[in-house]
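# Topology and contacts: notes
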Amino acid sequence: MTLVLGIETSCDDTAAAVVDGSGRVLASVVSSQLAQFAPYGGVVPELAAREQLAAWPRVFEETLARAGVGLEAIGAVAATQGPGLIGSLLVGLSLGRALAWSRRLPFFAVHHLEGHLFSPYLREGGEPALAVPDGFVGLVVSGGHTSIYAVSGATIETLAETRDDAIGEAFDKLGKRLGLPYPQGPRVDALAERGEAARSPLPRLAGTEELFFSFSGLKTHAIGAVEKLERAGVATTPTAPLDGPDPFPQPVYDLFAGFRESAVRQVLDRLTRLHRRRPFAELAVSGGAAANRELRRRLPAWAHEHGVELRLVPLVHSGDNAAMIAFAAGRRLARGEAGDDPLAAAAASRLPIARPPAAAPA
Ligand code: KG4
Ligand code: ZN
């Protein structure tokens, strides 16, 4: 059974993984530079790329060690081609190309979102992946994307995208306004657990039947609500340690909860519209923001109500990781694709997801 080595460096993480032909994740290592970017409130691309290059030898060694294999056991190499930060993509893609070329292994340049799309079928604890059906609807919620796709065999059709901010990005920007360190999304979500959404309701988009997402209006409303609290004399920057019992006053938690409620409702609303328009049997939900607690609580009920089978990405595989990249490549290998030319594959900061099957290398 071919072992695929996956590499993912599209944003700030340095990730490597080994996945076998049954989709079993033998090792998945994600080294993040979160602490490094905390003082800046966000990712600094130039620093990220340099850090990734520096982190690679350690991440690579650790991945092989955890998988319990040597490089000679690897049968194919996969790396993220795009979209993402170009300098960061270049690091991982170049490493993957060099490894594949030097060992004469098949090479797969993988679209980052194709990785996320199939990740809900990966499992934890070294279990083989669940069977991927021939057709399903994929919802990807992350810091760069909020999109819905129809997957049918090897064809991926984009059904909906965001017109402005991605959902995770809106969480990040709201958190940044309140002085939270990067990445703000998970923190806003955790703090929202202490709030009551009904005490701080936020509007949602007017009810049309359109499928597109939009989070920038919601973010602007939430920031407007922060300003209102400030005018009323409420402290809106952490007044105590963030990991302590009570870093903010109650109205801030309520605001976070109201914001999260509106964001999650928008996601469920689009799924309902889509299901009305073209019913689907299976929904696979992935991406960093698929870790959102409220979304994870509400999706099963939505799926049950609409008679839809739900595949919710395991938390360990929700954020950027290389197991999903190796898994997507493994699926292509299983379809008999030869892979991409390791001497020619080019990183792309913007990259359409629909692409023709790769030609055999020269
Ligand atoms: O998939 P990912 O790791 O990277 C991208 O491809 O963007 O997603 C990262 C995004 C960030 O915006 C982060 O704040 C958001 O996912 N995120 C969350 C949560 N956990 C991560 N957003 C809301 N609630 C969370 N629990
Ligand atoms: Zn991602």
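Now for a look at the structure at hand. (Residues numbered from 1 in each chain as written. Chains lettered and ligands numbered in written order. Predicted model: local features only at pLDDT ≥ 70, side-chain atom pairs only at ≥ 80, totals over all residues. Heavy atoms only, no water.)

### Things to note about the coordination of the zinc ion (ligand 2)
Every protein donor of the zinc ion (ligand 2) is listed here as His 112 (NE2), His 116 (NE2) and Asp 320 (OD), and their distances to the metal cover 2.0 to 2.1 Å. Positions of the donor residues of the zinc ion (ligand 2), expressed as sequence spacing, correspond to H-x3-H-x203-D. Highlighted residues: His 116 in helix α4 (residues 112-118) and Asp 320 in the loop between β10 (309-312) and α10 (323-334), separated in sequence by 204 residues. Given the relative accessible area of 22%, Asp 320 is considered partly exposed. (Donors = N, O, S within 2.8 Å, 3.2 Å for Na, K, Ca; no water. Helix = DSSP H or I, 4+ residues; strand = E, 2+ residues; numbered from the N terminus. Buried < 20%, exposed > 50% of the residue type's maximum accessible area, 1.4 Å probe, protein only.)

### Examining the nonpolar core
In terms of nonpolar packing, the biggest core is built from 49 residues, with Leu 139, Ile 148, Phe 256, Leu 271 and Leu 283 touching the most fellow members. No other element matches the 12 residues that helix α8 (residues 250-277) contributes to this core. Not counting residues up to four positions away in its chain, the partners in contact with Leu 283 are Val 137, Leu 139, Leu 271, Leu 299, Trp 302, Val 308, Glu 309, Leu 310 and Arg 311. Ranked by size, the runner-up nonpolar core spans 30 residues in total, among them Val 110, Val 140, Tyr 149 and Ile 156. (Core = buried A, V, L, I, M, F, W, Y, C linked by side-chain atoms within 4.5 Å. Contact = heavy atoms within 4.5 Å.)

### Regarding the site of ligand 1
Taken together, the neighbourhood of ligand 1 is formed by 19 residues, with Gly 143, Asp 172, Asp 189, Asn 292 and Asp 320 sitting nearest. Between ligand 1 and the protein, one listed contact pairs an oxygen atom with a side-chain N or O atom of Ser 142 at 3.5 Å. In this structure, Gly 288 approaches ligand 1 through a main-chain N or O atom, which is 3.0 Å from an oxygen atom. Relative to its unbound accessible surface of 550 Å², ligand 1 loses 85% to contact with the protein. Counting only elements with at least two residues in the shell around ligand 1, the list comes to α4, α5 (167-177) and α6 (184-192). (Near = heavy atom within 4 Å. Polar contact = N/O pair within 3.5 Å; in protein donor to acceptor, adjacent residues only side chain to side chain. Areas by Shrake-Rupley, 256 points an atom, 1.4 Å probe, with all protein chains shown as cover.)

### Description of the packing of aromatic side chains
Under the definition given, this model contains 8 aromatic pairs. Relative to Phe 259, the ring of Phe 171 lies with its centre 4.8 Å away and its plane at 70°, an arrangement referred to as edge-to-face. On the criterion of sequence distance, the pair formed by Phe 171 in helix α5 and Phe 259 in helix α8 is long-range, its members being 88 residues apart. Of the two residues, Phe 171 and Phe 259, both sit in the buried class. A network of ring pairs unites the aromatic residues Phe 118, Tyr 121 and Phe 136 as a single cluster. Above the ring of Trp 101, the side-chain terminus of Arg 104 is found at 4.8 Å from the ring centroid. Sitting above the plane of the Phe 212 ring, Arg 163 keeps its charged end 3.5 Å from the centroid. (Phe/Tyr/Trp six-rings, centres within 6.5 Å; stacked < 30°, edge-to-face > 60°. Lys NZ or Arg CZ within 6 Å of the ring centre and 35° of its normal.)

### Quick word on the side chain of Ser 200
For Ser 200, the position within the fold is in the loop between α6 and α7 (216-231). Taking relative accessible area as the criterion, Ser 200 reaches 14% and is therefore assigned buried. The residues contacting Ser 200, other than those within four sequence positions of it, are Asp 254, Leu 255 and Gly 258.

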